[in-house]
Amino acid sequence: SARIVVKVGTSTLTHTNGKLNLKAIDQLCYTLSGLVNEGKEVILVSSGAIGVGLGLLGIDERPSSIPQQQAIAAVGQTQLMTVYQRRFAVYGQKIGQILLTHDVVDYPTSHQNVLNTFENLLRLNIIPVVNENDTVAVDELDHHTKFGDNDQLSAIVATMTDADLLIMLSDIKGFFDKNPRKFNDAVLIPSINRIDEETFEKAGGQGTKLGTGGMVTKLKAAQKMLQANKSMILASGENPSIIFKLLQGDPLGTLFQ
Ligand code: ADP
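Residues numbered from 1 in each chain as written. Predicted model: local features only at pLDDT ≥ 70, side-chain atom pairs only at ≥ 80, totals over all residues. Heavy atoms only, no water.

Participant: So what's going on with the pairing of strand β1 (residues 3-8)? Which residues, and what values?
Facilitator: Extensive coverage of β1 is indicated by the burial of 6 of its 6 residues. Every second residue of β1 is oriented toward a common face, with Arg3, Val5 and Lys7 on one face and Ile4, Val6 and Val8 on the other, all of them buried. When β1 meets strand β2 (residues 41-46), the two strands line up parallel, connected through 6 bridges. Along β2, the bridge assignment pairs Val8 with Ser46. (Buried < 20%, exposed > 50% of the residue type's maximum accessible area, 1.4 Å probe, protein only. Helix = DSSP H or I, 4+ residues; strand = E, 2+ residues; numbered from the N terminus. Pairing = 2+ DSSP bridges.)

Participant: Quick rundown of the confidence of the model for the protein? Include the residues and the values.
Facilitator: As a note on interpretation, predicted positions should not be read in detail where pLDDT is low. Confidence in the prediction of the protein, expressed as mean pLDDT, is 92, and 93% of residues score 70 or more. Of the two predicted TM-score estimates for the complex, the pTM is 0.94 and the ipTM is 0.95. (pLDDT = per-residue confidence, 0-100.)

Participant: Residues and numbers for the packing of helix α3 (residues 49-57) against helix α4 (residues 66-90), please.
Facilitator: To characterise two packed helices, one gives the angle between the axes of the helices and the distance between these axes. α4 packs onto α3 with a crossing angle of 90 degrees between their chain directions and a minimal axis gap of 7 Å. The angle between the axes of α3 and α4 places the two elements in the roughly perpendicular class. On α4, the residues that touch Ala49, Ile50, Val52, Gly53, Leu54, Leu56 and Leu57 of α3 are Gln69, Ile72, Ala73, Val75, Gly76, Gln77, Gln79 and Leu80. Considering only residue class, the contact of α3 with α4 consists of 10 nonpolar, 5 polar and no charged. (Axes fitted to C-alpha atoms, helices over the stretch in contact; angles between N-to-C directions. Parallel < 35°, antiparallel > 145°, perpendicular 65-115°, else oblique. Contact = heavy atoms within 4.5 Å. Nonpolar A, V, L, I, M, F, W, Y, C, P; charged D, E, K, R; others polar.)

Participant: Quick rundown of the site of the ligand? Include the residues and the values.
Facilitator: Lining the immediate environment of the ligand, one finds 20 residues, of which Ser11, Ser170, Phe176, Arg181 and Lys218 sit closest. Separating an oxygen atom of the ligand from a side-chain N or O atom of Ser170 is a distance of 2.9 Å. A distance of 2.8 Å separates an oxygen atom of the ligand from a polar side-chain atom of Lys218. Relative to its free-state accessible area of 580 Å², the ligand is covered by the protein chains to the extent of 95%. Per element, the largest residue contribution to the shell around the ligand is 3 residues, and it comes from helix α9 (residues 214-227). Taken together, the residues of the shell around the ligand sort by class into 6 nonpolar, 7 polar and 7 charged. (Near = heavy atom within 4 Å. Polar contact = N/O pair within 3.5 Å; in protein donor to acceptor, adjacent residues only side chain to side chain. Areas by Shrake-Rupley, 256 points an atom, 1.4 Å probe, with all protein chains shown as cover.)

Participant: Mind laying out the nonpolar core, listing which residues take part and the relevant values?
Facilitator: A general trend in soluble globular proteins is that nonpolar side chains are found buried together. The biggest cluster of nonpolar side chains holds 42 residues, and the ones touching the most others in it are Leu100, Val130, Val157, Phe175, Met232 and Phe256. Of all elements in the fold, only β2, β3 (95-100), α6 (108-123), α7 (150-160), β5 (165-170), α9 and β7 (231-236) reach the threshold of two or more residues within this core. A total of 7 residues in this core trace back to one element, the largest contributor, which is α9. Contact partners of Val130, with chain neighbours within four places excluded, come to Ile43, Leu44, Val45, Ser46, Ile98, Leu100, Phe118, Leu153 and Val157. Grouped together as the second largest cluster of nonpolar side chains are 30 residues, Leu20, Leu32, Ile242 and Ile243 included. (Core = buried A, V, L, I, M, F, W, Y, C linked by side-chain atoms within 4.5 Å.)

Participant: Describe the environment of Asp171, naming the residues involved and giving the relevant values.
Facilitator: The topology assignment puts Asp171 in the loop between β5 and β6 (191-192). For the pair Asp171 and Thr10, spaced 161 residues apart in sequence, the C-alpha to C-alpha distance is 8.9 Å.

Participant: Break down the side chain of Lys218 for me, citing the residues and quoting the values.
Facilitator: Assignment of secondary structure puts Lys218 in helix α9. Here Lys218 falls in the buried class, since its relative accessible area comes to 9%. Beyond its immediate stretch of four places on either side in the chain, Lys218 contacts Asp151, Met168, Ser170, Met232 and Leu234.

Next up, the structure:
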């Protein structure tokens, strides 16, 4: 049976005012539960802990101090999981939380333990909901424990678990020949099978928004998938039920294959 990893970003899960986008979350839960009912194995990699934490605590701006961010993420993560649990339950779907650090890549014993957990959850038709363990993962410079961003985390999860496909839902319809937020005449690239320097140039460097990696980290994730002979689809997270259409082969978004 097909194994799919779906990654959603803060922009899909929250409105611009920081409040949870309950409609999008409902559609996501409905869609992923539907896929499990069809016999697919589904893993969800979800960002949003800090965004949700900020909203819940009524803090307007993301603080620069890392311990403060970790505290906010701790509040947001449990709230996010509560929302997921409630919404998935509506569709009879069970979930399990997996919080990772880079240790699962670096240490064979940790690696094996995580794989065992994934396999056993999937065997029980449970959707693992994955995020970085912000409490223990330290500073991005110390790559031994931090993944840095959930785009690359999702590609690592997909290759680790030998998933066939990574579906990345974003605030943009796909990968364009230049940044569509800067250039009106940017054209969507429907499919890509090689990522090189030129591709990265089209991504125009690091993302602009705080806490997100922009297109560069998405390309790095796609690169990981291609290297492992796997595919990735980048598409809009506006209506997460788009996943049904993507799996039917509708050419929405960008297919990296
Ligand atoms: P998310 O929060 O959904 O993970 P990001 O905001 O981090 O997404 O990254 C997507 C953003 O990358 C787009 O909104 C766009 O501003 C920027 N971007 C830069 N270059 C490109 C490109 N060539 N094609 C599409 N988006 C691009």
